[in-house]
Structures are given as C-alpha cells and as structure tokens.
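Each chain, letter by letter, is given below.
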Amino acid sequence: MQVIITANASAAAAHAADIVERTLAELEAPVFGLATGSTPVALYQALIERHRHQGLSFARLTTFNLDEYVGLPPGHPQSYRHFMQRELFDHVDIDPANTFLPDGTGDPLEAGSAYEALIEDHGGIDLQVLGIGRNGHIGFNEPTSSLGSRTRVKTLTRDTLKANARFFAPDEFQPSLALTMGIATILEARSILLIATGEAKAEAVARCVEGPLSALVPASALQLHPKVTVIVDPAAAERLELRDYYEFAAAHQRQLHRATPGETP
Ligand code: GLP
C-alpha cells in the first residue's frame, strides 16, 4: 500500500482528483468504482471544478457505485443514486446511461449477481474509490463479511446505522439493509484509492493499513491488493505506527516524479 499523508483534507481531495484525472487520461474507456459518504464529496467537488474550468471530461467514463440501500427507489432523496446525481453526475458530462448502482428496488438476491455480471460485461473496474467506515467497513461490508464475498445484501451494524443517521430526518425511514459489492469484488479492481479524513477514522485507518488481516476489519483485506493508494489527512493518520516511514517514502516518490507535470504535492 502506498500511504500519502497530505497537509489537510482539501489537499487529500486534490491529490485524489489528480489520480482520477490521470487515470481518465490514460484509458480509452475507463471504468471507475465510486463511493458515497461525506468523505468523497470533496473529491467530487474538485472534479466538478476541473470539469468546469479545465475542461476535464467524463464522457468516456463508466461508473459502478459500491452500494445502495435496499428498498429506496432511485428518486428517493436518501438513495445513493440520488446522492451521486446531486454530488457529481448532474454537474459533469458523464452519460447517465453509463452510471450504475446496485438496484435496491427489485429482488435483492438477483440484484447482486446481475450487478456482478454487469461489471464483468464492462471489463471490470480500473480504479475503485473507497471511503472507510469507523468500524473498518468498505462499501457496506460490515465486520465479519467474508473476504471472498461478492455483491449481495448485508445487514448494517448498529454503529453504521448510527453514523449514517445524520443523513436522515428523525422520523424518516432508515433502511438497515443494503446491497454492496463484496470484498472479493472490490479486490478485483485493477487499482484502489482509499480516502480517509478526520480523527474519527484514525483507528480504522491504522487497522486497515497496519493491523492483522481480519474479517473483523474488512478494509484490512486491501493488504492483499497490489495497487492500493491510501490518502489521509493528518488527523486520520494519527494512529499509524509507521507514519514517519510513509512520509519518508512519499518524499522519495516525489523526487522520482518531480518531472511529472500537473501533480498536486
Ligand atoms: C457508508 C458507505 C461507505 C463509506 C462510509 C463512510 O457506510 N457505504 O462507502 O465509506 O459510509 O462514510 P463517511 O465518508 O461519511 O464517513
């Protein structure tokens, strides 16, 4: 894993946007896996800015989101489809027909394998963007999810329901089931970019990067993947034991890539 500790949360978003932009430029028909939650919003805003002011185009891009609530139709304001429209898709030139989320409204058991087949039909995911839950979940793969899991229905933990309750009005229905890409699905992406900011994520980040590989911390499964970049702000990096080493290694990388234009340090 490459761990990059940026000066603050907005530098983390800018660095992630650089990686997204570079991957978009490199590939003829890029396929990205996208995430919801508060963390990637700053990345999406950076991408929208680059679209508006620097001509960054999403016209060739296909996207697959990690997850969707079971029972919320796409038009529901708390659905992840609605979130993606509001935070990214409505503001860039992506073809809406090329944006996919698991279908939370049909038969949830069929929806999982249909989603897997769709990802495969598109040649798999080139770059998977991830946030991380405070309990170490990725997508909605809660602790003890099988490391070999594929897209399926998961029951959310009380912790996760509590953390995400802020998006729902007090009297609003909050689903406790979600369709999520599995851990094995995520690990098949050709590269992975995990972003974490804020002290509430420090423990999860340390366990993901440095902790033992364990189903108790689903994000620790990323240790098995050969191409993962973890971008964190100083607060989220707080509990990393080898923090100095990551900074030392990143300085070396910057020296090597000094000649690369358009990089955000
Ligand atoms: C949800 C999403 C995850 C996300 C997590 C953390 O549970 N399913 O994909 O990583 O929340 O969200 P936040 O960035 O808001 O802390």
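Enquirer: Tell me about the overall build of the protein chain, residues and numbers included.
Expert: For the protein chain, the count of helices and strands is nine helices and 10 strands. Relative to a compact globule of 265 residues, whose C-alpha radius of gyration would be 18 Å, the protein chain shows 18 Å and is just as compact. Taken along the three principal axes of its C-alpha coordinates, the protein chain extends 50 × 40 × 35 Å. Within the protein chain, buried positions represent 53% of all 265 residues. A separation threshold of at least 6 residues defines the contact pool for the protein chain, and within that pool the share at least 24 residues apart is 80%. Split by element, the accessible area of the protein chain, about 12300 Å² in all, is 53% carbon and sulfur. Averaging the locations of the 21 positively and 32 negatively charged side chains of the protein chain gives two centres separated by 4 Å.

Enquirer: Describe the packing of helix α2 (residues 39–54) against helix α3 (residues 80–87), with residues and values.
Expert: Here α2 crosses α3 at 40 degrees, and the two axes come no closer than 10 Å. The angle between α2 and α3 places the two elements in the oblique class. The residues of α3 that touch α2, namely those facing Val41, Tyr44 and Ile48, are Phe83, Met84 and Glu87. Broken down by class, the residue content of the contact of α2 with α3 amounts to five nonpolar, no polar and one charged.

Enquirer: How would you explain the sheet that holds strand β8 (residues 177–180) if you had to name every residue and give the values?
Expert: Here we have three strands laid out as an open sheet, ordered β4-β8-β7, and antiparallel in their pairing. The open sheet has two edge strands with one neighbour each: β4 (67–69) and β7 (152–155). Direction aside, the axes of adjacent strands within the sheet are offset by 30 degrees on average. Across four bridges, β7 lies against β8 in antiparallel orientation.

Enquirer: Describe the site of the ligand, listing the residues and the values that go with them.
Expert: Inspection of the region around the ligand gives 14 residues, with Ser38, Thr39, Asp67, Arg166 and Lys201 positioned closest. One of the side-chain N or O atoms of Thr39 is found 2.5 Å from an oxygen atom in the ligand. Within the side chain of Asn164, one N or O atom sits 3.3 Å away from an oxygen atom of the ligand. The protein chains hide 94% of the 390 Å² of surface that the ligand would expose on its own.

Enquirer: Requested: an account of the packing of aromatic side chains, with residues and values cited.
Expert: Per the stated rule, a full pass over the model turns up eight aromatic pairs. Between Tyr69 and Tyr80, the ring centres sit 4.9 Å apart and the planes meet at 45 degrees, which makes this aromatic pair tilted. Of the two residues, Tyr69 is situated in strand β4 and Tyr80 in helix α3; the sequence distance between them amounts to 11 residues. Relative to Phe168, the ring of Tyr69 lies with its centre 5.8 Å away and its plane at 75 degrees, an arrangement referred to as edge-to-face.

Enquirer: Can you lay out the pattern of salt bridges for me, pointing to particular residues and giving the numbers?
Expert: This model, assessed by the stated rule, comprises eight salt bridges. For Glu87, the salt bridge identified is with Arg86, shortest N-O distance 3.1 Å. When the shortest N-O distance is used, the salt bridge between Arg150 and Glu188 registers 2.9 Å. Pair noted here: Arg150 is in the loop between β6 (127–130) and β7 and Glu188 is in the loop between α6 (183–187) and β9 (191–196), with a separation of 38 residues, a long-range link. Several salt bridges converge on common partners, so that one network encompasses Asp18, Glu21 and Arg50.

Enquirer: Describe in detail the side chain of Thr62, supporting the description with residues and values.
Expert: Mapping Thr62 onto the fold places it in strand β3 (residues 62–65). Here Thr62 falls in the buried class, since its relative accessible area comes to 10%. Ignoring any residue separated from it by four or fewer positions in sequence, one finds Thr62 in contact with Pro30, Val31, Phe32, Asn98, Phe100 and His122.

What counts and what doesn't
Residues numbered from 1 in each chain as written. Predicted model: local features only at pLDDT ≥ 70, side-chain atom pairs only at ≥ 80, totals over all residues. Heavy atoms only, no water. Helix = DSSP H or I, 4+ residues; strand = E, 2+ residues; numbered from the N terminus. Rg over C-alpha atoms; globule rule 2.2 N^0.38 Å. Buried < 20%, exposed > 50% of the residue type's maximum accessible area, 1.4 Å probe, protein only. Contact = heavy atoms within 4.5 Å. Areas by Shrake-Rupley, 256 points an atom, 1.4 Å probe, with all protein chains shown as cover. Lys, Arg positive; Asp, Glu negative; His and termini not counted. Charge placed at Lys NZ, Arg CZ, Asp CG, Glu CD. Axes fitted to C-alpha atoms, helices over the stretch in contact; angles between N-to-C directions. Parallel < 35°, antiparallel > 145°, perpendicular 65-115°, else oblique. Nonpolar A, V, L, I, M, F, W, Y, C, P; charged D, E, K, R; others polar. Pairing = 2+ DSSP bridges. Near = heavy atom within 4 Å. Polar contact = N/O pair within 3.5 Å; in protein donor to acceptor, adjacent residues only side chain to side chain. Phe/Tyr/Trp six-rings, centres within 6.5 Å; stacked < 30°, edge-to-face > 60°. Salt bridge = Lys/Arg side-chain N within 4 Å of Asp/Glu carboxyl O.

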